[in-house]
Amino acid sequence: MAQTDKPTRIPPKLPKMLKEFAKAAIRAQPQALIQWAADYFEALSRGETPPVRERSERVALCNWAELTPELLKLLHSQVAGRLIVHAEELAQMWKVVNLPTDLFNSVMNVGHFTEEIEWLKFLALACSALGVTITKTLKIVCEVLSCDHNGESPRILFSTFQFLYTYIAEVDGEISASHVSRMLNYIEQEVIGLDGLITVNGFTQNPRVRLE
């Protein structure tokens with residue numbers, strides 16, 4: 001006879017594992033989701049890094065250019081300071097530099113973008129494809145946005161950094177709003193210069209700045 005009064009124990013790591021799976025699936029957009037999911041969890045069970053894409057997709061990507069900070073900087077220069085870019089125009093810009101269409105679609109899906117795209121949000125999510133962590137993602141975004149060419153640490157306006165960090169943390173979903181607020185308050189009071197700029201070194205080499 002089955003026992004119905006015994007509580008079901010859920011492993012504490014399961015919710016986080018499922019969330020990581022969901023985020024990976026959104027980014028990969030596999031056509032054969034069930035097989036992709038099976039490969040994903042099989043890799044986890046073996047202690048290996050789960051597949052980002054289906055095998056057929058990885059082969060197809062050989063014909064595409066690799067996403068780099070330099071290509072994102074080129075796209076940023078083509079946006080020419082606009083805050084909003086139309087999806088059709090941005091898709092064409094993406095195509096011209098021969099970047100993978102599925103990556104563009106993944107960024108669009110993760111950001112829930114429609115016809116009018118907030119460029120900085122799109123850029124942040126595109127940079128997250130290169131940066132494994134939030135700190136590394138913000139470092140890449142700063143390098144793309146910075147106009148410094150003198151070999152010093154790239155820097156951007158703190159207001160822009162604040163917008164980007166808040167948005168990336170919201171999309172990630174792993175960091176509390178209170179933690180983001182504490183970090184931003186500390187950076188504003190202790191890290192940024194009188195010019196209102198924050199450098200990459202300011203948030204990557206300061207041990208008291210923990211963005212994750």
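Here we summarise the structure given alongside this text. (Residues numbered from 1 in each chain as written. Predicted model: local features only at pLDDT ≥ 70, side-chain atom pairs only at ≥ 80, totals over all residues. Heavy atoms only, no water.)

**Here we look at unusual backbone geometry**
Then step 1. Located in the positive-phi region is Ala80, a residue other than glycine, with phi close to 60°.
Then step 2. Relative to the helices and strands, Ala80 is located in the loop between α4 (69-79) and β1 (84-86).
Then step 3. Despite not being glycine, His112 shows a phi value in the positive range, around 55°.
Then step 4. The topology assignment puts His112 in the loop between α6 (101-111) and β2 (116-118).
Then step 5. Here His112 falls in the exposed class, since its relative accessible area comes to 69%. (Helix = DSSP H or I, 4+ residues; strand = E, 2+ residues; numbered from the N terminus. Buried < 20%, exposed > 50% of the residue type's maximum accessible area, 1.4 Å probe, protein only.)

**Re the packing of aromatic side chains**
Then step 1. All told, the structure shown has eight aromatic pairs when counted by the stated rule.
Then step 2. For the pair Trp94 and Phe104, a centre-to-centre distance of 5.6 Å together with 55° between the ring planes defines the contact as tilted. With Trp94 in helix α5 (residues 87-96) and Phe104 in helix α6, this residue pair connects regions lying ten residues apart in the sequence. Of the two residues, Trp94 and Phe104, both sit in the buried class.
Then step 3. Taking 5.6 Å as the distance between ring centres and 50° as the angle between the ring planes, the aromatic pair formed by Phe104 and Phe122 counts as tilted. With Phe104 in helix α6 and Phe122 in helix α7 (residues 119-128), this residue pair connects regions lying 18 residues apart in the sequence. As far as the burial class goes, Phe104 and Phe122 line up, both buried.
Then step 4. An aromatic cluster is defined as three or more aromatic residues linked by ring pairs; in this entry it consists of Trp94, Phe104, Phe113, Trp119 and Phe122. (Phe/Tyr/Trp six-rings, centres within 6.5 Å; stacked < 30°, edge-to-face > 60°.)

**Overview of the pattern of salt bridges**
Then step 1. Inspection of every chain in the model, using the stated rule, returns four salt bridges.
Then step 2. The salt bridge involving Glu118 is made with Lys121; its shortest N-O contact spans 3.2 Å. (Salt bridge = Lys/Arg side-chain N within 4 Å of Asp/Glu carboxyl O.)

**Quick look at the packing of helix α8 (residues 134-145) against helix α9 (residues 158-172)**
Relative placement of two packed helices is described by the angle separating their axes and the distance separating the axes.
Then step 1. With their axes 11 Å apart at the nearest point, α8 and α9 run at an angle of 140° to one another. Handedness of the crossing formed by α8 with α9: right-handed. Between α8, through Ile134, Thr137, Leu138, Val141, Cys142 and Leu145, and α9, the contact on the second element is made entirely by Thr160, Phe161, Leu164, Tyr165, Ile168, Ala169 and Asp172.
Then step 2. Considered class by class, the residues forming the contact of α8 with α9 number ten nonpolar, two polar and one charged. (Axes fitted to C-alpha atoms, helices over the stretch in contact; angles between N-to-C directions. Left-handed = near helix turned anticlockwise from the far one by under 90°. Contact = heavy atoms within 4.5 Å. Nonpolar A, V, L, I, M, F, W, Y, C, P; charged D, E, K, R; others polar.)

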